[in-house]
Amino acid sequence: MKKFLRTIYRFLRSILFQRIIPESNQALKFNNDVVIEVIGFLESYSGIGESARLCALSLKDSGLKVKCTSVEPVFRKKSAFTWSQDGFYTGDEAPAIRIFHLNPPMMPPAIFAIGFKGYVRSFNIGYWAWELEDIPSEWRKALRYVNAVMTPSSFTTNAVKKHTDKPVITVPHPVDYNLQEVNAGIKSKLGMPDSSFLISSIFSFGSALERKNPESLIVNFKKAFVNHEDVRLVLKSNSGNPEEKNKILDLIAKNSRIILIDESWDRADVLGLIKESDLYASFHRSEGFGLTIAEALLLDTPVIVTNWSGNMDFCNEENAFLVETKLVPVVTNNPEFKESGDQFWAEVNPDSAITKLKEAFESIKLNGKPSTKSLTSKFLKRDCYAIALEMIKKDSGQ
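Scoring rules and cut-offs
- Residues numbered from 1 in each chain as written.
- Predicted model: local features only at pLDDT ≥ 70, side-chain atom pairs only at ≥ 80, totals over all residues.
- Heavy atoms only, no water.
- Phe/Tyr/Trp six-rings, centres within 6.5 Å; stacked < 30°, edge-to-face > 60°.
- Helix = DSSP H or I, 4+ residues; strand = E, 2+ residues; numbered from the N terminus.
- Buried < 20%, exposed > 50% of the residue type's maximum accessible area, 1.4 Å probe, protein only.
- Lys NZ or Arg CZ within 6 Å of the ring centre and 35° of its normal.
- 1 Å grid on protein atoms, 1.4 Å probe; cavity = no way out; pocket = protein on both sides within 12 Å on 5 of 7 lines; lining within 4 Å.
- Points joined across faces, edges and corners; volume = space filled by probe spheres on them.
- Nonpolar A, V, L, I, M, F, W, Y, C, P; charged D, E, K, R; others polar.

### Thoughts on the packing of aromatic side chains
Here's step 1: Inspection of the entire model under this criterion finds 18 aromatic pairs.
Here's step 2: A ring pair is formed by Phe197 and Phe361, whose centres lie 4.9 Å apart and whose planes are at 75°; its orientation type is edge-to-face. Pair noted here: Phe197 is in strand E7 (residues 197-202) and Phe361 is in helix H13 (residues 350-367), with a separation of 164 residues, a long-range link. Comparing Phe197 with Phe361, the two get one shared label, buried.
Here's step 3: Among the aromatic side chains, those forming a connected cluster through ring pairs are Trp128, Trp130, Trp139, Phe337 and Trp345.
Here's step 4: The ring of Trp265 has Lys189 lying over it, and the distance from NZ or CZ to the ring centre is 4.3 Å.

Written as structure tokens, this is what we have:
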């Protein structure tokens, strides 16, 4: 019954809800006096939640009046923690600018909660992340009622720009705003010797397992490190449904060097896992940005990653071990990609994956972990949102 109701809701959302939302005709009023409202899952441990938090912190640090609105109640979702309003605007002045850190399928409920009258009184920006080279039809419909779009990567920007003349600006996540609290002792917590060579990878089952592609990492890890008992692989996930979780458990069965942790951790523990890892791995088929990859690099943890899609804005031969790929047709049952049609994503080359895993292991064992922060931070500017708003203002002739 729940599956049937979800199908009906998706149909109504795509066909009806996306069509009835009005477009605002407000010009962009951007200065230090106006209120900018950041709307998103501010109280959820997720990539889209972190995206909204980083936006709010960046704008506040630029000296702007920032109002934070968390949408967990709108979606009947329980808050994972309380987002502090310290330093943010909490008055009654209506926002001149709203930035929605919600992809188009999530925008209608948030806009309904604001009300159409309130919505058309602000300049409305959608901050969207997409993982293929073209956007779905529902996203194209949503372009009608936003005044501009921001995206985390040139990969997503190019996908959106195909369908609109409105401003579409690449605004990479200012990742280093939220890397201060890092818990130590994660290897000990997991019962591993400090001398273990730890490779970690973080993914959410809810983000399409085929896209995140942990199976490729598991298979190639086992082939690369047949005779290395001191090399461990930790897969940190959440939201695993039994079928997908069992797929992973079957792959790692009888291999004590590979651990799946499918539970919620405090952010400080997650960052601690990344920081304490000798190598962070992502063999994704596609990424809109690659938030955990950027976090690893800024925590001076070397990365081995797929050399395709959003992460290539800040990954290169200088700061990452890049795995070769070939483009293959998208195959997935995830409803998010139901319109993938004849689109492609990247398949990791097994020979390249094994070679690069061994190369990374040998290099790090011999020379220690290289510093990757300085090679990455130049791509991820702290004041990126203020810069993007100035760009939109300039483009509109103001």
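Now that the structure is up, let's keep going.
### A short note on unusual backbone geometry
Here's step 1: Positive phi values are uncommon outside glycine, yet Arg76 reaches one of about 55°.
Here's step 2: One can find Arg76 in the loop between strand E2 (65-70) and strand E3 (97-100).
Here's step 3: Backbone geometry at Asn213 places phi at a positive 60°, although glycine is not the residue there.
Here's step 4: Positionally, Asn213 belongs in the loop between helix H8 (209-212) and helix H9 (214-224).

### What about the layout of surface pockets?
Here's step 1: Looking at the second largest pocket, its volume works out to about 370 Å³.
Here's step 2: Lining the second largest pocket we find 17 residues, and of these Phe81, Trp83, Asn178, Glu181 and Arg267 sit closest to its centre.
Here's step 3: For the lining of the second largest pocket, the leading source of residues is helix H2 (residues 47-61), giving four residues.
Here's step 4: Residue composition of the lining of the second largest pocket, grouped by class: seven nonpolar, four polar and six charged.

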